[in-house]
Each structure stands twice: as C-alpha cells, then as structure tokens.
Amino acid sequence: MLTVYNEWKADLFYNEKNCISCHMETVEREIVPGYGIKKNHRHYFPGSGISKFDTVEAVGLKDIEFYASSMQKTYASIDSFYYELILKNEYAGNKVPSGDPERFYNIRIAVKDETDSIIQQTNRRMGEE
Ligand code: HEC
C-alpha cells in the first residue's frame, strides 16, 4: 500500500482527488438505526474489478483510455497499413495496474485473414516485470 501511496503522491490527481474520492463511493444512508440518514462512504474499495471476497460483487473502476488508429474493415493481401494503439492512464490516481505486483495487462493485437486465422500477432505486457 506504501507503493500505491507514493504512486498517488506523484500522480496528476494528487491535489485533486484522494484514495477515498475514487475508491470509496459516497452514499447517504442510515448506519445506526435511529440516528438518521448521513453521508458516508462504502468500504468495498473497488479498483481492478477482481473480487476480494466471494460475498462482494467485483467492481472495476475505469482506468485506461484507448486511442487507436482508424482502419478499413478489410485490406487486400498486397496492402500495408500502419496501426497505432495508445493506452493512457487517464483516470487512476496510481499506476495501472496497481496494488498487486503480480497483476498485469496482456495486450494482444492479431491480424486475421478472411478465414479468421491469425497471420500476425503481437503481445505486450503492461505491469511490473
Ligand atoms: C483518480 C482516482 C484514484 C485515486 C485518487 C486513487 N486511485 Fe487507486 N485506483 C484507481 C483506479 C481507476 C484503479 C484501477 C487500476 C488497476 O487496474 O489497477 C485503482 C487501483 C488501485 C488498487 C488496486 C486495486 C485492486 O483491485 O487490486 C489499489 C490497492 C489502490 N488503487 C489504492 C489506492 C490508494 C491507497 C490511493 C490513495 C493513496 C489511491 N488508490 C488513489 C483510481 C484511483
């Protein structure tokens, strides 16, 4: 958690949002019967969307924005094209992925022919090595 804290301190959201504003949804509810409805926060602490308890539904927060080159639907076998995919951490106040050093994103881009067979493929890993 100390690593995540340091990630947040170095992040653009540092002066704007804190752990609570992103991870602990504000709700109005009565926690103690008879004491009325008050503003408080949920404690599920959603993040990656991987559930921590089998009794709690996993909720993933939006973290990355994808920017991809536009493409034609099909290309002739002699055509060539340039494709760029940019993944930008625009919404998380820490690195993506964060929290668990074993988590990573596997980005796979495949080019298929008309029979749906892969003719070229590239894999990129995003996460701690
Ligand atoms: C601007 C919003 C934002 C702020 C501020 C923020 N986070 Fe996050 N955090 C996210 C998002 C979005 C993810 C999901 C990224 C991912 O897949 O790891 C995430 C992921 C995490 C994870 C991994 C969760 C999991 O399910 O494995 C942890 C732990 C975490 N944050 C802790 C913190 C702590 C502690 C702070 C404050 C020091 C903080 N975050 C501040 C948005 C935020």
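Just above, that's the structure.
Quick caveat, the model's predicted, so the values are computed rather than measured. (Residues numbered from 1 in each chain as written. Predicted model: local features only at pLDDT ≥ 70, side-chain atom pairs only at ≥ 80, totals over all residues.)

Chemist: Could you clarify how one ought to interpret the overall build of the protein in this entry?
Modeler: Counting its secondary structure elements, the protein contains two helices and six strands. Traced from its N-terminal end to its C-terminal end, the protein shows the element sequence α-α-β-β-β-β-β-β. Relative to the compact-globule value of 14 Å for 129 residues, the protein shows a C-alpha radius of gyration of 21 Å, a clear excess of over 25%. Over its C-alpha atoms, taken along the principal directions, the protein stretches across nearly 75 × 30 × 25 Å. Sorting the 129 residues of the protein into buried and exposed places 5% on the buried side. A sequence separation of at least 24 residues applies to 30% of the contacts in the protein between residues at least 6 apart. (Helix = DSSP H or I, 4+ residues; strand = E, 2+ residues; numbered from the N terminus. Rg over C-alpha atoms; globule rule 2.2 N^0.38 Å. Buried ≥ 20, exposed ≤ 12 C-beta atoms within 10 Å, placed from the backbone. Contact = placed C-beta atoms within 7 Å.)

Chemist: Quick question: what am I supposed to make of the site of the ligand here?
Modeler: C19, C22, G47, G93 and G99 are the nearest of the 24 residues found near the ligand. Those elements that place two or more of their residues in the shell around the ligand are α1 (2–9) and α2 (19–23). Among the residues forming the shell around the ligand, the class breakdown is 13 nonpolar, eight polar and three charged. (Near = placed C-beta within 6 Å. Nonpolar A, V, L, I, M, F, W, Y, C, P; charged D, E, K, R; others polar.)

Limitation: the analysis is restricted to geometry and does not speak to function.
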